[in-house]
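One-letter residues, chain by chain:
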Amino acid sequence: MKIKVEPIKFINGTVTISGSKNTILPLMVCSMLSKEEVVLNNVPKISDVEVMKSLLKDIGITIKHDYEKKQLILKKEKIKKVNNLDLIKKIRASIYVIGGLVANRINFKSCYPGGCSFSDRPINYHLDFFKKLKYKITIKNNVLYFKKTKSNSQLIKYTLPQKSLGATINILYTSVLRKNTTIIENASLEPEVLEVIKMLNLMGAYIKIYNDTILIKGVRKLKGTEFNVVSDRIEAGSYMLLACAVDKSDVIIKNVDCIYLSEVIETIKQLGVNIKIHENNVRIVKEYPTKGVNKKASYYPMFPTDLQQILTVTCLNSITSSVIVDEVYPERISQIKEIKKANGKVMYKDKKIYINHSNINSSNFYAHDLRCGFACIILSILADNVSTIENFEIVLRGYEDILDKLTALKIKINLVE
Ligand code: EPU
């Protein structure tokens, strides 16, 4: 899929933020842990949800999707092994289905999860924990074989070597129904994890958080529940940074969960842009050029890694220089290749990104991954002429109705092929 984007110097209009991609996917997998119905509201219309639906159907979950109501109803039938391994390769969140299968204690085989390949994305923490649950895991020709042995009913204390969102959620799934207590130290407390904990506790789980330690006391069974998917903090942050990137803007962003965005809001203030918050609505008014920032993307509540690539591009239009470091994924830098194509002044050295004010040339950009795709939209808008973006389908994995939302801001963006 290829799109064409025209440059623009002033944007105005309103966008409404959808349900969170990185929250809905693990919430859907919670349905593997109860025999009762799980109802999810505020479901985003994105392709990752479609892949997750196919994967869950493949392993024995029945699903009704009401697109009008933005609602999913999921019910576990008999859980069986994955038939279509290709589905695992399509998204990163398929690692959660592997966790769900381990929680159901069945033997199965899998391949490595796919998703955005902006960096080496190992799954060793997940596998280490599954081994503690007495799963024997063998790997042959990139196929992973999971074989259960006698289950572990001892107390387990597991210290994550690094705060991992995915591994924390998988430990939660595989611990809530255990016969004993599980303690996760150095757990990830990203908002997505907090939302999964909220939902599992509503389903009858016993999960408590003490600083960055999570205590899980196993329960006999979980019940069904109805849960609203939180609004997507990364989608909201993407549109906010877009409004900061163009020369002038007056944009209203609705349905924003500001609690989870405090560092992003702080960054926008540091850029020197006027931001006003009223309940769940944010108004960004940019009248003057932005200043550069010195920013470290890290674990919540710090600036999110998922907005690092987009901030890099926003800073190209700042009058002073910026330095950005990504502590979670230091090599998440596919946007740099695209910035260089457009003659942007950017340098990557010692895991730091240095950015200077640049006049951007139009180009044929390539969306290497989801957030690089959004960064390419901003690059195209800043450019001196019409640009194109290839591989745009990757952006549809995580941004609902993106063409309509950008058009509502008066941006001229069209599908070419
Ligand atoms: N890590 C390991 N081994 C593991 C797991 C993680 O070394 O077994 C390392 C990673 O290499 C990384 C760090 O731990 O350096 C954190 O990775 P994490 O496990 O938290 O990432 P993830 O669960 O694979 C999710 C999101 C990503 C987001 C990261 C960080 C989903 C489906 N993906 O990935 O989202 O960047 O957390 O917050 O929820 C995106 O939306 O564009 C995206 C890539």
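Just so you know, these numbers come straight off a predicted model, no measurement behind them.

**Q** For this particular structure, what's the right way to read the state of the cysteines?
**A** Disulfide: a covalent bond connecting the sulfur atoms of a pair of cysteines. With the rule as written, the count across this model stands at zero disulfides. C258 takes part in no disulfide bond, and the closest cysteine sulfur to it belongs to C244, at a distance of 14 Å. For C258, a relative accessible area of 15% puts it in the buried group.

**Q** Explain the pairing of strand 19 (residues 322-326) here, please?
**A** As a general feature of sheets, a regular strand has side chains that alternate between the two faces. Of the two faces of strand 19, the one holding S322, I324 and D326 is buried and the one holding V323 and V325 is not buried anywhere. By the bridge criterion, four bridges tie strand 19 to strand 21 (residues 352-356) in an arrangement that is antiparallel. Residue pairing for strand 21: S322 is matched across the bridge by I355.

**Q** I'm lost on the sheet that holds strand 1 (residues 3-5) in this one. Help?
**A** Strands belonging to one sheet form pairs held by backbone hydrogen bonds; the direction of such a pair is parallel or antiparallel. Across the sheet, which stays open at both edges, the four strands sit in the order 22-23-1-24 with mixed pairing between neighbours. The two strands at the open ends of the sheet, each matched to only one other strand, are strand 22 (364-366) and strand 24 (413-415). Neighbour-to-neighbour, the strand axes of the sheet open up by a mean angle of 25°, direction not taken into account. Alignment of strand 22 against strand 23 (residues 387-390), held across three bridges, turns out to be parallel. Residue pairing for strand 23: Y366 is matched across the bridge by E390. Against the sheet, helix 12 (residues 370-382) touches strand 1, strand 22 and strand 23, its axis set at about 160° to strand 22.

**Q** Is there a simple way to explain the pattern of salt bridges in this structure?
**A** Two side chains bearing opposite charge may form a pair once their charged atoms approach each other closely. Per the stated rule, a full pass over the model turns up 18 salt bridges. As a salt-bridge pair, D247 and K9 come within 3.8 Å of each other at their nearest N and O atoms. Here D247 is found in the loop between helix 8 (233-245) and strand 14 (248-254), whereas its partner K9 is found in the loop between strand 1 and strand 2 (10-16), with 238 residues between them in sequence. Classification of D247 as partly exposed rests on a relative accessible area of 33%. Salt bridges here are not isolated pairs; linked through shared partners, they connect K21, D48 and R397.

**Q** Would you take a moment to explain helix 4 (residues 94-103) for this structure?
**A** Structural remark: α-helix, 3.6 residues per turn; residues separated by three or four positions point the same way. For helix 4, a buried count of nine out of ten residues is recorded, marking the element as mostly surrounded by other parts of the structure. Among the residues of helix 4, those classed as buried are S94, I95, Y96, V97, I98, G99, G100, L101 and V102. Downstream of helix 4 by one or two residues, R105 has phi in the positive range, about 50°.

**Q** What am I meant to see in the packing of aromatic side chains here?
**A** Think of a pair of aromatic rings as described by two things: how far the centres are apart, and how the planes are tilted against each other in angle. Here the structure, examined in full by the defined rule, presents seven aromatic pairs. Relative to F146, the ring of F130 has its centre 6.3 Å away and its plane inclined at 65°; by these criteria the two rings are edge-to-face. Of this pair, F130 sits in helix 5 (residues 124-132) while F146 sits in strand 8 (residues 143-148), and the two are 16 residues apart along the sequence. Considering the side-chain rings of Y239 and F374, the 5.4 Å spacing of their centres and the 85° angle between planes classify their relative orientation as edge-to-face. Taken together, the residues Y239 in helix 8 and F374 in helix 12 connect sequence positions 135 residues apart. Comparing Y239 with F374 shows no difference in burial state: the two are buried. Every member of this aromatic cluster is reached through a ring pair, and the members are F108, F130 and F146. Positioned above the aromatic ring of Y206 is the side chain of K208, whose terminal nitrogen or guanidinium carbon lies 4.8 Å from the ring centre.

Conventions and cut-offs
- Residues numbered from 1 in each chain as written.
- Predicted model: local features only at pLDDT ≥ 70, side-chain atom pairs only at ≥ 80, totals over all residues.
- Heavy atoms only, no water.
- Disulfide = S-S within 2.5 Å.
- Buried < 20%, exposed > 50% of the residue type's maximum accessible area, 1.4 Å probe, protein only.
- Helix = DSSP H or I, 4+ residues; strand = E, 2+ residues; numbered from the N terminus.
- Pairing = 2+ DSSP bridges.
- Axes fitted to C-alpha atoms, helices over the stretch in contact; angles between N-to-C directions.
- Contact = heavy atoms within 4.5 Å.
- Salt bridge = Lys/Arg side-chain N within 4 Å of Asp/Glu carboxyl O.
- Phe/Tyr/Trp six-rings, centres within 6.5 Å; stacked < 30°, edge-to-face > 60°.
- Lys NZ or Arg CZ within 6 Å of the ring centre and 35° of its normal.

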